[in-house]
Structure formats: C-alpha cells, structure tokens
Amino acid sequence: MAFEPLPRLVRALGETRRDGAVDWLDTLPELVRHAVDLRESTVERVQAPGGRSSVVLLVRLPDGTPAVLKLAPPSARPAAERSALAHWGGSGAVRLLDGEGGDDAGVLLLERLHPEVSVRSLPEAKALLEAAGVLRRLWVTPPAGGVFETVAERTGRQAEAMRAGVADGDGEVAALVDAAVGVRAELVASPPEVRLLHGTFRQSKVLAGERMAWLAVGPDPVVGECAFDLARLVRDRVEDLIASPAGAGVLRRRIKRMAESLEVDAGRLRGWVLFRAVESGVRARRVGRVRDAELLLEFAGWV
C-alpha cells in the first residue's frame, strides 16, 4: 500500500529528535507494509489526525474482525505499552489481540474502538465522571519484575530538563520551575501506594467501545501513586479554564472533587498538577509551541 506519515506525527517526532525517532520515520512505509502483510490484514484507512508518536491503521483481519494496527518508534516505549495492556487484560483499556509477545517490535494489534468518539465529546462534568471510572479499573497492582519505569525515575529526568529549559533572566518561569521541582522532591520521597498507571491519561485517551462503554488507549505506563495519573486529567480543557473569569476557582473545586471521588490526597494531587503543568509548559516553550506554553504556565500559576 502507498503510505505517507501524517503531518502531526512528522512534526511531533521532529520536535523530540531522540532515540532514532526521525530515522524510524524513514523506514515507516516498509514497516507498515511488513506489519500488514504479516497479519494478512486489509487496511481500511489510516486514522487521522493520528497520534503524536504513532501511526494507527484501521484494518480487517483475515476472518473479517475489525482491528487496529499501531506502529510506534522505540522512543514511545511500545514494549512497555504492550506489557501494560497485557496486564490489564482488557479491563479499562483497549484489548491487546496478539498477546504479550507480538511478532514485531513496535507493532501492536488491538481491538477496534470508535476512534472518532472520545469522552471529550461529553459535557465536562459527565466526561470527568466517566474518565474517573476508567482510571479506577486501570489502577491495579503492577506485575512483578520491575518492567515499568517509576514515577520517580520519569519525573527525575523531567525535572532536570525543566531546569535546563529555563533561560537566565526568566524569573517568572524559573520560580514556577523551582516550585514544581521542590514539590516533586517531597512527593516522590513518600508515595502512599504503588500502582500501575496509564501515564498520560486524559479525556482524549478514552474512546467509546463495544464490550465496554469507555476504554483507555495509548498508555505510556509508569508505576507509582495514583495522584500522578489523575493530575493530567485535572487540566483537561485547559483553554476553557483559562478563558473563564472564574477559572482559578473552578480548578480548586475540580481538584477537591476529583481527589474525593478517587480517594487520593488533595494536597498530593495539587502538587502533581503543578509539576506536570510546569513540565509540559516548559517543554512546549522549548519546541516553539508558544501558545500551548503560555496556557500551561498560566494554569500552573493558579495551582
């Protein structure tokens, strides 16, 4: 089949430029052909706009079963995604169809959901309620063997990159970075629980399904405390929050309400909301996404 990587993927991998991601793009057409041929599947279409670090193909298997082929570079940690999906076994997350040991590194065969219908399509209060229900099913005891990165490890790397990403004289952002790095040190020192986490959970990562109403997709799994996972969900629809005259108050109520509904400590959740917002904002500035950076750093200032 003729195949060209989607612009969103090309742009995102160009921003990262790590672990051979750009080289992977050069080989992607051949990887796609091999993955499709190996499974004797028929491609219906490429899902657009596609992921920021993967290609998603809607396919039919030889027996007519609708499925998804997902291809991702090593920098996206597809082996960890495979292990997490296998451990969840379809509970709360998309089902892995080719088991723990797939045929190709970086290729996942998944059940077909409804990619055009995410929880984000619901009114905000309902969306947050449904998303929280999915998280409850995902937060399970991780498998033995230490196959996943820890929250402390991931955020330690991010904290170093945050400090490196602040220019001299950028006092306001530097103050946010100092606060975020400081609260992160306190949080990783005494996690209240260790669970398998989605890692990048937000409304757009929860899609409508057939066997269950809503299922999570696209994890970047990590093990640690539940508040870390919930923190990214708290800032969903950040542009709406920033535009609202009562946005800061809405944020405080959202943190309190979500902490209570998922039984996590509100103070710890607030700390991870701050850290993750500043980290995302500094990273957006570093790659030139100025508008995203402004929104995220303003949001972080409210936390």
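Residues numbered from 1 in each chain as written. Predicted model: local features only at pLDDT ≥ 70, side-chain atom pairs only at ≥ 80, totals over all residues. Heavy atoms only, no water.

Trainee: Explanation requested: the environment of Asp98 in the structure shown.
Mentor: Topologically, Asp98 is positioned in the loop between helix H3 (78-88) and strand S4 (107-111). Between the C-alpha atoms of Asp98 and Leu109, which are 11 residues apart in sequence, the distance is 5.8 Å. Setting aside residues up to four positions removed in sequence, Asp98 forms contacts with Arg39, Arg82, Val107, Leu108 and Leu109. Of note is the side chain of Asp98, whose polar atom sits 3.0 Å from the side chain of Arg82. (Helix = DSSP H or I, 4+ residues; strand = E, 2+ residues; numbered from the N terminus. Contact = heavy atoms within 4.5 Å. Polar contact = N/O pair within 3.5 Å; in protein donor to acceptor, adjacent residues only side chain to side chain.)

Trainee: What exactly am I supposed to notice about unusual backbone geometry here?
Mentor: Trans is the prevailing form of peptide bonds, just as negative phi is the prevailing case for residues other than glycine. Unusually for a residue other than glycine, Glu40 sits at a positive phi of about 50 degrees. On the secondary structure map, Glu40 appears in the loop between helix H2 (21-38) and strand S1 (42-46). Glu40 sits in the exposed class, given a relative accessible area of 61%. Of note in the backbone geometry, Arg237 takes a positive phi value of approximately 60 degrees without being a glycine. Within the element layout of this structure, Arg237 appears in the loop between helix H7 (226-234) and helix H8 (238-243). Given a relative accessible area of 13%, Arg237 falls into the buried group. (Buried < 20%, exposed > 50% of the residue type's maximum accessible area, 1.4 Å probe, protein only.)

Trainee: So what exactly am I meant to see when it comes to the sheet that holds strand S5 (residues 114-118) here?
Mentor: Strand-to-strand pairing in sheets goes through backbone hydrogen bonds, with the strands running parallel or antiparallel. Taken in spatial order, the three strands make up an open sheet running S5-S7-S8, and their pairing is antiparallel. The open sheet is flanked by S5 and strand S8 (214-216), the only strands paired with a single partner. The mean angle between the axes of side-by-side strands here comes to 55 degrees, regardless of whether they run parallel or antiparallel. Bridging between strand S7 (residues 206-208) and S8 involves three bridges; their strand directions are antiparallel. Bridging from a neighbouring strand, Val206 pairs with Ala216 of S8. Seen against the sheet, helix H4 (residues 124-138) touches S7 and S8 and runs at an angle of roughly 55 degrees to S8. (Pairing = 2+ DSSP bridges. Axes fitted to C-alpha atoms, helices over the stretch in contact; angles between N-to-C directions.)

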